[in-house]
Amino acid sequence: MTLSTTQQTTTTGRNDAEIEQHVLRFIEQHTKKTWAPDTDLFASGAVSSLFALQLVMALEKAFDVSVAGEDLKLDNFRTVNAMVALVRRLQDEGSGE
């Protein structure tokens, strides 16, 4: 039996739902609005390129990952779901999986 994506545990012990909640809290603290995980944050006008840099730094610090090169593309930060997938992939790559 496999777990759904939102239930899988990451290499640091956090599951996708915990990553999602952390990212949502960060965005909501900075925008003072509530967001759905699949909302396009850039299309909504709520997120600027400067805030995107803050997101990169926040993800790196919170989840002990390094976002560089191709991973810096806007699509990885467009939605909370995309950021969860990015963190998940970077953690998996970091663990050698």
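Our structure's up above, just so we're on the same page.
A short tour of the structure in this document, coming up. Keep in mind the model is a prediction, meaning the values are calculated, not measured. (Residues numbered from 1 in each chain as written. Predicted model: local features only at pLDDT ≥ 70, side-chain atom pairs only at ≥ 80, totals over all residues. Heavy atoms only, no water.)

**What about the nonpolar core?**
- In terms of nonpolar packing, the biggest core is built from 25 residues, with V23, I27, L55, F77 and M83 touching the most fellow members.
- Mapped by element, the contributors of at least two residues to this core are α1 (16-31), α2 (49-63) and α3 (80-94).
- Per-element tally for this core: the top contributor is α2, with seven residues. (Core = buried A, V, L, I, M, F, W, Y, C linked by side-chain atoms within 4.5 Å. Buried < 20%, exposed > 50% of the residue type's maximum accessible area, 1.4 Å probe, protein only. Helix = DSSP H or I, 4+ residues; strand = E, 2+ residues; numbered from the N terminus.)

**Observations concerning unusual backbone geometry**
- If you check the backbone angles, K32 has positive phi at about 60 degrees while not being a glycine.
- Positionally, K32 belongs in the loop between α1 and α2.
- Located in the positive-phi region is D64, a residue other than glycine, with phi close to 55 degrees.
- Considering the arrangement of structural elements, one finds D64 in the loop between α2 and α3.
- Note on D64: relative accessible area 69%, which makes it exposed.

**Thoughts on the packing of α1 against α2**
- Contact pair α1 / α2: the axes reach a minimum separation of 11 Å and the direction vectors enclose 140 degrees. The way α1 lies across α2 gives a crossing that is right-handed. Touching I19, H22, V23, F26, I27 and H30 of α1 are F51, Q54, L55, A58, L59, A62 and F63, all from α2.
- Within the contact of α1 with α2, the residues separate by chemical class into 10 nonpolar, three polar and no charged. (Axes fitted to C-alpha atoms, helices over the stretch in contact; angles between N-to-C directions. Left-handed = near helix turned anticlockwise from the far one by under 90°. Contact = heavy atoms within 4.5 Å. Nonpolar A, V, L, I, M, F, W, Y, C, P; charged D, E, K, R; others polar.)

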